[in-house]
Amino acid sequence: MKSFTSVFSGIIIAIFFLGSSAIYIVDERQQAILFQLGEVIDVKIDPGLYFKIPIAQNVRFFEKRILTMDTEEPERFITSEKKNVLVDLFVKWRIVDVKQYYISVRGDEGLAQTRLAQTINASIRDEFGNRTVHDVVSGERDVIMEIMRQKADNDARSIGVEVVDVRLKRVDLPQEVSESVYRRMEAERKRVANELRSTGAAESEKIRADADKQREIILAEAYREAQKTMGDGDSQAAAIYAAAFQKDSEFYAFWRSIDAYKQSFKNKGDMMVLEPTSDFFKYLKNPAVSK
Amino acid sequence: MGLNDPQWGKNKGDSGPPDLDDVLRNFNKKINDMFGQKKSGGGGDDGPRTQGSKPQSNGSIILILGLLVVVWLGSGFYIVDEGHRGVVLRFGQYVDTSSAGLRWHFPYPVERVEVVNVSQVRTVEIGYRNNVRSKVLREALMLTDDENIIDIQFAVQYILNDPENFLFKNRNPDEAVLQAAETAIRQVIGKSKMDFVLYEGREQVAANATQLMQKILDRYEIGILISRVTMQNAQPPEQVQAAFDDAVKAGQDRERQKNEGQAYANDVIPRAAGNAARLIQESEGYKQRVIVSAEGDASRFEQILTEYSKAPNVTRERLYLDMMQQVLSNTSKIVVDQKNGNNLLYLPLDKLINISGSTSVSPATTSPAVQETTPDSSLRARESFRSREREIR
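Predicted, not measured: the structure shown is a model, and the values here were computed from it.

Caption draft 1: Geometry of the overall build of chain A. What chain A contains, in helices and strands, is eight helices and 10 strands. In chain A, buried positions account for 40% of the 291 residues. Once local pairs closer than 6 in sequence are excluded, the contacts in chain A between residues at least 24 apart make up 64%. Accessible area of chain A: about 14900 Å², with a carbon and sulfur share of 56%.

So, in structure tokens, the structure goes:
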């Protein structure tokens, strides 16, 4: 019985090994090529469990997911106005025809990426060479990316690859040019600053001048009003005086003169040189004098 | 759960152990055979102990195998935490996505589960790492539409919304987010003017970038939802920072100057208005004064005139004498008889003036108003008093 057990377990192990080389699993992320003595006999794209003949057949797996080619260092390209720009981009690609892919690049991702890089490099030169920096950076960025994607895709189909997307990551100016951009930005800010300051001064002056003007107007108007009022008062007063004094103008002259004399001589310092013959002194000389 | 090694099936599919299907089938057959054998041998569970060596060894094999099967089936249990999803693959093929809880799948090697976190908010940072101060200038400096360069940092937050796509459609999806973020933000910045990015349009830029990023990622069917793009910092580059600061200062200066001008205006105009009001009030006062005093003068004159007309000569004489008395009492007098032809009379007028002036001139100069009004009013008062006296008489 011991021998049966060992034989049994031996068989199990043998089946295990045989079975393990007779089946293979293709994952969701993979696709597979089945080779028979070096010849491609089947392509498995759908995931699942598959069988093969052990030893005679073998399987190679390839990515089904989207892969990325990302350039490490940005490269220089020249635009239509002969300016250098540094371009950094990435490419999203996917194996769509695994047999073709295997035949063309021996299933080597590195090789496939080199191939893609060459195509894209050439198309960037074409596209950038016809455009200005401004177009590349903002205006036609989408267009360029789409053109490059199409070109790259057309080319990549021959190696069984679909280019899903080509995207410009960075489009920068080289260091030397950046410096001059900084200088320009500085100058521009200086311009803005000066403009702000001078308009500030101008507005301030305007406000002051306007205030001065308003002051003059206000005072002048007030003066006008005041003069009017005073004139009004004067005229009314004159009318009152005239109405009263007309009643006896001769007496008014006398009475007013008396008042004036009183006002004129009120200090000891005032001096009068009188004639003794004046009418005032008539009783001084002769108390009997009568009219 | 160690059997759910995620590495499994990736590379070693052809050499690895995914062969148990056959083994299983054989195994089941064997077990059935053995049970059949055992039953014919009249064995129970306790058979192995009582019977001979042959059934005993058979029985122990069965027991061991049965145990193995139980253990094997038990290894199919797994727990999905809240906020996670278990993606079940049967022979490499996607079959199901399980939500949180205790779950079971056909054990290795038939089915595998990959658990992904779908609720966790993941972040990528562009232009900096960990701290906004630790800038990565290579990423941070960007060209704008008006060919200026700005220094910008932002963070992208995203979650998985489709675990299957996340697992199966892209190699290294997290890196894809970073790439999409960088290209999207650069595209948006590249289409915007510098001032727009720096000042008024920050939110707009972030919103546009989010949209574009999502569009790119959807194209890759990546199973990721961009939840937020936040601009951490957007500034002019360090090289021109000083100039920008100065421009901001200039803006402040402008405001300051305007305010100063306004302050001047606010000082001058109300003051002028006050002065104007004073002028007008004064004129009004003058007018009233003039009119009222005219009325007063007129009234006084009219009153005296009434009395005068009753006895003109007497009144006239009295007024004259009154006046002369007052005038002469207040002045220095020199009476000179000119008719005697004493033309050579010499009067030291200046001395006379000085003598008399020293006493009475000084008060006249110190308080002219008093000097002017008091004698006047007292005089008038006296006058009116007298005339009243006369009337009574």
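There is more to say after this.
Caption draft 2: The sheet that holds strand 3 (residues 93-98) of chain B, seen in detail. Residue and element names in this part refer to chain B. Taken together, the three strands give an open sheet; going across it, the order is 3-2-5, and neighbouring strands pair in antiparallel fashion. Bordering the open sheet on either side are strand 3 and strand 5 (111-117), each of which pairs with just one other strand. For this sheet the average axis-to-axis angle between neighbouring strands, irrespective of direction, equals 25°. Bridge analysis of strand 2 (residues 84-90) against strand 3 gives five bridges, and the strand direction is antiparallel. Looking at strand 3, one finds that Val 87 is bridged to Thr 97.

Caption draft 3: Local environment of the interface of chain A and chain B. If you look at the interface, chain A gives 120 residues, while chain B gives 138 residues. Broken down residue by residue, the surface that chain A buries against chain B is led by Arg189(A), Lys262(A) and Phe280(A), which jointly contribute 6%. On inspection of chain A and its partner chain B, the count reaches 17 salt bridges. Between chain A and chain B we count 38 residue pairs in polar contact (both at pLDDT 80 or more) in total. For the side of chain A that touches chain B, the element with the most residues is helix 6 (residues 175-245) of chain A, which contributes 41 residues. Looking at the side of chain A that touches chain B, its residues break down into 56 nonpolar, 20 polar and 44 charged.

Caption draft 4: Broad picture of the pattern of salt bridges. Considering all chains together, one arrives at 53 salt bridges over all chains under this definition. For Arg157(A), the salt bridge identified is with Asp153(A), shortest N-O distance 3.4 Å. Residue classification places Arg157(A) among the partly exposed residues on the basis of a relative accessible area of 42%. In this structure, the salt-bridge partner of Asp246(B) is Arg197(A), at a minimum N-O distance of 3.3 Å. Separated into two different chains, Asp246(B) in helix 9 (residues 238-310) and Arg197(A) in helix 6 make up a pair that spans both. One network of salt bridges, with partners in common, ties together Asp88(A), Arg170(A), Asp172(A), Glu182(B) and Arg186(B).

Caption draft 5: Broad picture of helix 8 (residues 202-219) of chain B. Under the 1.5 Å per step criterion, the end-to-end length of helix 8 of chain B is 26 Å for 18 residues, consistent within 8% with the ideal 26 Å. Every buried residue of helix 8 of chain B is accounted for by Val205(B), Ala206(B), Ala209(B), Thr210(B), Leu212(B), Met213(B), Gln214(B), Ile216(B) and Leu217(B). Buried residues along helix 8 of chain B sit against strand 9 (161-172) of chain A together with strand 10 (149-160), helix 6 (173-190), helix 7 (194-200) and strand 11 (224-235) of chain B.

Caption draft 6: Expanded view of helix 2 (residues 98-105) of chain A. Residues and elements named next belong to chain A. What helix 2 keeps buried is the set Val 98, Tyr 101 and Val 105. End-on view of helix 2: buried residues confined to an arc of 60°, all on one side of the axis. Contacts from the buried residues of helix 2 go to strand 2 (30-36), strand 3 (39-44), strand 5 (57-63), strand 8 (84-95), helix 3 (109-129) and strand 9. One or two positions beyond helix 2, positive phi appears at Arg 106, with a value near 55°.

Caption draft 7: The side chain of Gln179(B), seen in detail. Mapped onto the elements of the fold, Gln179(B) is located in helix 6. If we skip the residues at most four places from it in the chain, Gln179(B) touches Thr68(A), Asp70(A), Phe90(A), Lys92(A) and Lys169(A).

Caption draft 8: Molecular detail of the UniProt feature "transmembrane region" (unreviewed entry) in chain B. As recorded in UniProt, the feature "transmembrane region" (unreviewed entry) lies at residues 61-80 of chain B. A distance of 35 Å separates the end C-alpha atoms of residues 61-80 of chain B, which is 70% helix and 20% strand.

Caption draft 9: Inspection of the nonpolar core at higher detail. In terms of nonpolar packing, the biggest core is built from 85 residues, with Trp93(A), Phe128(A), Leu168(A), Phe154(B), Met213(B), Ile224(B) and Ile226(B) touching the most fellow members. Sort the elements by how many residues they give to this core and helix 6 of chain B lands first, with eight residues. In this structure, Ile226(B) is in contact with Val156(B), Gln157(B), Tyr158(B), Val177(B), Thr210(B), Met213(B), Gln214(B) and Leu217(B), ignoring residues within four places of it in sequence. Phe245(A), Phe254(A), Leu274(A) and Val327(B) belong to the second-largest nonpolar core, a separate cluster that totals 20 residues.

Caption draft 10: The packing of helix 9 of chain B against helix 10 (residues 312-330) of chain B, seen in detail. Residue and element names in this part refer to chain B. Where helix 9 contacts helix 10, the axes come no closer than 5 Å and their chain directions differ by 120°. One element, helix 9, and the other, helix 10, form an angle in the oblique class. In contact with Glu 307, Tyr 308, Ser 309 and Lys 310 of helix 9, helix 10 contributes Pro 312, Thr 315 and Arg 316. Residues that form the contact of helix 9 with helix 10 fall into these classes: two nonpolar, two polar and three charged.

Caption draft 11: Structural context of the sheet that holds strand 5 of chain A. Residues and elements named next belong to chain A. Spatially, 3-2-5 is the arrangement adopted by the three strands of the open sheet, whose pairing is antiparallel. Strands with a single pairing partner mark the edges of an open sheet, and in this sheet they are strand 3 and strand 5. Going across the sheet, the axis of each strand differs from the next one's by a mean of 25°, ignoring polarity.

Caption draft 12: Region of the structure containing the confidence of the model for chain B. Residues and elements named next belong to chain B. Averaged over every residue, the pLDDT of chain B is 77; residues scoring 70 or more account for 71%. Long-range and interchain partners of residues 1-18, a stretch whose pLDDT sits below 50, account for 34 contacts in this model, where long-range means more than four residues apart. Scored below 50 in pLDDT, residues 359-393 makes 29 contacts in the model with residues more than four places away or belonging to other chains. As a predicted assembly, this complex carries a pTM of 0.63 together with an ipTM value of 0.71.

Caption draft 13: Structural detail: the environment of Arg103(B). Residues and elements named next belong to chain B. By the element assignment, Arg 103 lies in strand 4 (residues 101-104). Residue Arg 103 is classed as partly exposed on the basis of its relative accessible area of 28%. Between the C-alpha atoms of Arg 103 and Tyr 78, which are 25 residues apart in sequence, the distance is 5.3 Å. Non-local contacts of Arg 103, meaning those with residues more than four positions away in its chain, are made with Gly 76, Phe 77, Tyr 78, Val 80 and Ser 98.

Definitions and limits used
- Residues numbered from 1 in each chain as written.
- Chains lettered and ligands numbered in written order.
- Predicted model: local features only at pLDDT ≥ 70, side-chain atom pairs only at ≥ 80, totals over all residues.
- Heavy atoms only, no water.
- Helix = DSSP H or I, 4+ residues; strand = E, 2+ residues; numbered from the N terminus.
- Buried < 20%, exposed > 50% of the residue type's maximum accessible area, 1.4 Å probe, protein only.
- Contact = heavy atoms within 4.5 Å.
- Areas by Shrake-Rupley, 256 points an atom, 1.4 Å probe, with all protein chains shown as cover.
- Pairing = 2+ DSSP bridges.
- Axes fitted to C-alpha atoms, helices over the stretch in contact; angles between N-to-C directions.
- Buried area = accessible area lost by both parts, 1.4 Å probe.
- Salt bridge = Lys/Arg side-chain N within 4 Å of Asp/Glu carboxyl O.
- Polar contact = N/O pair within 3.5 Å; in protein donor to acceptor, adjacent residues only side chain to side chain.
- Nonpolar A, V, L, I, M, F, W, Y, C, P; charged D, E, K, R; others polar.
- Expected span 1.5 Å × (residues − 1).
- Arc of directions from axis to C-beta.
- UniProt positions renumbered as here; feature names shortened; annotations may be inferred.
- Core = buried A, V, L, I, M, F, W, Y, C linked by side-chain atoms within 4.5 Å.
- Parallel < 35°, antiparallel > 145°, perpendicular 65-115°, else oblique.
- pLDDT = per-residue confidence, 0-100.

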